[in-house]
Amino acid sequence: MARGGKAFKAVAKGMAVVASAAAVIERRRRAAMAADPHELPTQAPGPVPVPRTDPAPAPAPVVAPVAASAGEAVAAGTVAEPSAPVPAATAPTAPAAAPPAPAAHTAHAGLGREYHPGRPATPAEAVPWGLRVAAESTWRLLLLGAALYVIFYVVDMLRLVAFSVLASLLISALLEPSVSWLRRRGVPRSLAAGGVFLSGLAGIGLVGWFVVWQVSTNLPDVTAQVKDGVNQLRDWLITGPLHLTQQQIKDFADQITKAITTNTDQLTSASITGAQIAVEILTSLLMTFFTTFFLLYDGERIWNWALRGLPRHSRFAMAGAGPKAWATLTAYVRGTVCVAFIDAVCIGIGIDLLGVPLAMPLAVIIFLGAFVPLVGALVTGTVAVLIALVTQGPWTALMVLVVLIAVMQVESHILQPLILGRAVRVHPLGVVLGVAAGGIIGGIGGAVVAVPLIAVTNTVVGHLRRRNEAGQAVFTALEAARETAERTAAAQPAAAQPAAAD
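Residues numbered from 1 in each chain as written. Predicted model: local features only at pLDDT ≥ 70, side-chain atom pairs only at ≥ 80, totals over all residues. Heavy atoms only, no water.

Draft legend 1. The arrangement of the overall build of the protein in detail. In terms of regular secondary structure, the protein is built from 14 helices and 0 strands. Along the protein, helices (α) and strands (β) appear in the sequence α-α-α-α-α-α-α-α-α-α-α-α-α-α when read from the amino end. For the protein, with 502 residues in total, the buried portion stands at 22%. For the protein, the proportion of contacts with a sequence separation of at least 24, taken over those separated by at least 6, is 69%. Of the accessible surface of the protein, which amounts to about 32900 Å², a share of 70% is contributed by carbon and sulfur atoms. (Helix = DSSP H or I, 4+ residues; strand = E, 2+ residues; numbered from the N terminus. Buried < 20%, exposed > 50% of the residue type's maximum accessible area, 1.4 Å probe, protein only. Contact = heavy atoms within 4.5 Å. Areas by Shrake-Rupley, 256 points an atom, 1.4 Å probe, with all protein chains shown as cover.)

Okay, structure coming up:
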């Protein structure tokens, strides 16, 4: 038993010495880290016991449990045994609590690589700020472009429905003020909507009948004038500055005839395509009339139903933007009709005074073309220039072109800013680019609806931006009031303490 007790004491002494040496090594390592904050620890950080301030080591907590397992007598003898003294050179000089390692140390220790002062904590921080902004902006623009591409693809697939709905919106914006006026006078909703709708159809039918009547009435005279104009053009080609011969003109006419006879299949397919287009146009017209009537009759309920399909947090914003967008569309359509009427009247009077036939049908065509701002009336007016060229000669055609340019200048500098300036609020360059883009994407229909779509989008975006700015201003005011109240509440106890002391 005595030998066993001595052996156990020897083992306990050895364990105490090892524990003391480990404690000294740990204190030295923490002292070195505190002196050099850029040194990386050799192992992952963990809970480390706080070093003691007295120079004597404390092996008792290590020995006591081992001794207790063998018995109280052995433990008492172990505790009474003196431990190995610690040299004075190994006494800790570091403060009682070492400062925590920097955050960068932890990040780099987690990545498992050596720390360097000039190396960022994460790879994302190594990317320049401008490049990061450009990259994030690029992928957002790509996502927006993909969304627009999908929208245009769906619209192209459903172009009949899309153009019918857009045309119905334009017609409804033109007729809806009349329906509202009748309802304010006590007329029932169904009667007001039906009466205005039938009146609009009657007006469109009368305009179409007038154009057909004028063309059929003046067609013989126009045909004779066209023949005379072609003969005059042939004589001018022979006797004019070009000095063409009869054989060259005959060869050119033969080439045209040969091209017509050899492309009979293509002409037949074109006629079939034309029949398909006619069926599509008729279907689109029926859908347009049907949609227009229900927009006039039940437009408010349709708008409320559309709002219920939006997310809940977006309904209030769009509920305010919708009436403003409709007011913009209504002002645009009414202003465009006014501008188109002025263009058609001025150009019609000019070409009639110059003696060009079919002045009234040409004025109607120019009126319809003027629904495309800035360029529509000029493009449709070229028909009058061609008719003047083949019927009256180049001088009259030149004068018709001068009339067109003059009217277009009046429209762009006076009529558009005065009538449509407040409704559209789009720069002329934006109008031209929008018309060009709409024509490329959707043809004539796209060119017609491009500008009102831009105007409505501009109104909606401006309303949402102003709404956000107003909300931010209210939030800032509330935060300032809250901070003022907190400062006042904190100042009142401080002022009450000196009063209580007095």
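Back to the text.
Draft legend 2. Examining the pattern of salt bridges more closely. What the rule picks out here adds up to 5 salt bridges. With a shortest N-O distance of 2.7 Å, glutamate 486 and arginine 482 are connected by a salt bridge. Placement of both glutamate 486 and arginine 482 in helix α14 (residues 428-501) is noted, with a separation of 4 residues, approximately one turn of the helix. Classification of glutamate 486 by relative accessible area gives partly exposed; the value is 45%. Take arginine 482: its relative accessible area is 40%, and that puts it in the partly exposed class. Here the residues in one salt-bridge network are Arg189, Asp298 and Arg301, joined through shared partners. (Salt bridge = Lys/Arg side-chain N within 4 Å of Asp/Glu carboxyl O.)

Draft legend 3. Summary view of helix α12 (residues 376-391). Compared with the 22 Å implied by 1.5 Å per residue over 16 residues, the 24 Å span of α12 between its first and last C-alpha is a close match. For α12, the full list of buried residues reads Gly376, Ala377, Thr380, Gly381, Ala384, Val385, Ile387, Ala388 and Thr391. At the exit of α12 stands glycine 393, carrying a positive phi of roughly 110°. (Expected span 1.5 Å × (residues − 1).)

Draft legend 4. Here's a closer look at the nonpolar core. Ranked by size, the top nonpolar core spans 19 residues in total, and within it Ile347, Ile351, Val356, Leu362 and Val400 carry the most contacts. Of all the elements in the fold, those that place two or more residues in this core are α10 (312-353), α11 (359-369), α12 and α13 (394-424). Those residues in contact with valine 356, other than ones at most four positions away along the chain, are Ile351, Leu362, Ala384, Ile387, Ala388, Thr396 and Val400. Of all hydrophobic cores here, the second largest spans 18 residues; its members include Leu329, Tyr332, Val435 and Val456. (Core = buried A, V, L, I, M, F, W, Y, C linked by side-chain atoms within 4.5 Å.)

Draft legend 5. Representation of the packing of α11 against α12 within the structure. Remark: α11 packs on α12, axes separated minimally by 7 Å, with the N-to-C direction vectors making an angle of 160°. In this view, α11 runs roughly antiparallel relative to α12, as classed from their interaxial angle. The element α11 and its partner α12 pack so that their crossing is right-handed. On α12, the residues that touch Leu362, Ile365, Ile366 and Gly369 of α11 are Gly376, Ala377, Thr380, Gly381, Val383, Ala384 and Ile387. When its residues are assigned to classes, the contact of α11 with α12 shows 7 nonpolar, 4 polar and no charged. (Axes fitted to C-alpha atoms, helices over the stretch in contact; angles between N-to-C directions. Parallel < 35°, antiparallel > 145°, perpendicular 65-115°, else oblique. Left-handed = near helix turned anticlockwise from the far one by under 90°. Nonpolar A, V, L, I, M, F, W, Y, C, P; charged D, E, K, R; others polar.)

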